[in-house]
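Summary of structural features
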Amino acid sequence: MTKIYAFANQKGGVGKTTSVINLGAYLAASGRKVLVVDMDPQANATSGFGFRKDDIRISTYNLLLEQVTANMVMVTYEAWGLTLLPANPALAGAEVELVNVIAREYRLKAALESVANDFDYVLIDCPPSLGLLTLNALTAARDGVLIPVQCEYLALEGLSQLVQTIQLVARHLNAGLRVRGVILTMYDARTNLSRQVVEEVRAHFPGQVFRAIIPRNVRLSEAPSFGQPINQYAPTSPGGLAYQLLAAELIKNDNAKANGSGQKG
Ligand SMILES: Nc1ncnc2c1ncn2[C@@H]1O[C@H](COP(=O)(O)OP(=O)(O)O)[C@@H](O)[C@H]1O
Ligand SMILES: [Mg+2]
C-alpha cells in the first residue's frame, strides 16, 4: 500500500526539505518507489535534486490550478530511483489563486489520485506557512504528517498551532489525519540545549518521536548546492548515516503496522 506523508512545520529552516530529499533518497535506495512532491514556491526540494527552479516550465502550480496531469509534471531520476513533481516560483501565486477554486483544499489529493498507486512512498514538502498549499498537502497526506523539529531554542514554538491545524484538517478535510512522527533535526551533541530540546520534544509528543536523530552536519547543507541527496554526496557522513537510519525506522514501523502488530513512532 502506498504511504502518503506530508512534511510540515510552519517554521522555516527546521529541516523539512532536507528530510524530504534525503529520506526520499534512502527509501529509494532500499528499493522503494518514491515520489517527492514540492509544494514550496521556494522550490528548494526541486533545486536540491539539481534543477534550476527557473528552468521548470510546468510545475505543481499547473497541477493545482490547470487541467494538467501529474504525469505531465513528473521528472524521473533513473539513477536514484526517484520521481519528482517540481515546484517553481509561480507556485507562490497559487496561494492566492486557489482561494476561489472549487474544492480548493483537495486539488493536490485529486491530482495524485491517478499516480500515487505507482509508488510505495509519496513525500510532500510543505512551505513554511499554514496556508492553502500546506492545507492541500495535509488533505492529500492519507498516512499522516511528519514534523521536523530543530533542536534549538524555542523548538516547540508554533507546534501547538500546527497540531491544531492538523486536527482541523482531520475533522473537515482528511478524516483520521494524525502526526505520524516527529523528526529531531540539527542536533548538536556538544550542547546542553540540544539535549534539553530532545527531552522536551519527547515529553510533548510521547511515543511519536523517531529514535533516529539527525545531527547538525555541514555535509547535509552542502549537498543541495551539488544537486545531490546525501546518499550520493556523502553517504558515510554523520548526516547520511542518520537519514539512512531514519529511513530504516520508517520502513520498519510501516511494515509493523501493515502486519497488524503494535508499533511506536
Ligand atoms: N542536519 C542539518 N545539519 C546542517 N544543516 C542542515 C541540516 N538540516 C538542514 N540544514 C540546512 O538548514 C537550512 C534549512 O533546512 P531546510 O531543510 O531547507 O529547512 P525547511 O525546509 O524546513 O525550511 C538549509 O540550508 C539546510 O541545508
Ligand atoms: Mg523547505
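As a starting point, this report considers the structure included with it. Computed from a prediction, not measured in an experiment: that's the story for all the values here.

Conventions we followed
- Residues numbered from 1 in each chain as written.
- Chains lettered and ligands numbered in written order.
- Predicted model: local features only at pLDDT ≥ 70, side-chain atom pairs only at ≥ 80, totals over all residues.
- Heavy atoms only, no water.
- Phe/Tyr/Trp six-rings, centres within 6.5 Å; stacked < 30°, edge-to-face > 60°.
- Helix = DSSP H or I, 4+ residues; strand = E, 2+ residues; numbered from the N terminus.
- Buried < 20%, exposed > 50% of the residue type's maximum accessible area, 1.4 Å probe, protein only.
- Contact = heavy atoms within 4.5 Å.
- Axes fitted to C-alpha atoms, helices over the stretch in contact; angles between N-to-C directions.
- Parallel < 35°, antiparallel > 145°, perpendicular 65-115°, else oblique.
- Left-handed = near helix turned anticlockwise from the far one by under 90°.
- Nonpolar A, V, L, I, M, F, W, Y, C, P; charged D, E, K, R; others polar.
- Pairing = 2+ DSSP bridges.

Across all of its chains, the model carries six aromatic pairs by this definition. Judged by centre distance (6.1 Å) and plane angle (40°), the rings of Phe49 and Trp80 are tilted. In this pair, Phe49 is assigned in the loop between α2 (44-48) and α3 (60-65) and Trp80 in the loop between β3 (75-77) and β4 (82-85), connecting sequence segments 31 residues apart. For Trp80, a relative accessible area of 18% translates into the label buried. Taken together, a centroid distance of 6.3 Å and an interplanar angle of 80° make the contact between Phe51 and Tyr77 edge-to-face. Of this pair, Phe51 sits in the loop between α2 and α3 while Tyr77 is found in strand β3, placing the two residues 26 residues apart along the sequence.

This part covers the side chain of Asn136. Among the secondary structure elements, Asn136 is positioned in helix α7 (residues 132-140). With near-sequence residues (within four places) excluded, Asn136 lies in contact with Met39, Leu64, Leu98, Arg104, Glu105, Tyr106, Arg107 and Leu108.

On to the packing of helix α1 (residues 16-29) against helix α12 (residues 238-258), then. Taken N-terminus to C-terminus, the directions of α1 and α12 make an angle of 70°; their axes are 9 Å apart at the nearest point. Compared by their axis directions, α1 and α12 come out roughly perpendicular. Relative to α12, the crossing made by α1 is right-handed. Each of Thr18, Ser19, Asn22, Leu23, Tyr26 and Leu27 in α1 lies in contact with α12, whose residues at this interface are Gly240, Leu241, Tyr243, Gln244, Leu246, Ala247, Leu250 and Ile251. Taken together, the residues that form the contact of α1 with α12 break down as nine nonpolar, five polar and no charged.

Counting buried residues along strand β1 (residues 3-7), five of its five residues qualify, which places the element largely inside the surrounding structure. Residues Lys3, Tyr5 and Phe7 of β1 are buried on one face, and the alternating residues Ile4 and Ala6, pointing to the opposite face, are buried as well. Pairing between β1 and strand β5 (residues 121-125): five bridges, direction parallel. Of the residues in β5, the one forming a bridge with Ala6 is Ile124. Two strands pair when backbone bridges link them, and β1 and strand β6 (residues 145-150) are joined in this way by two bridges, in the parallel orientation. Paired with Ala6 across the two strands is Val145, which belongs to β6.

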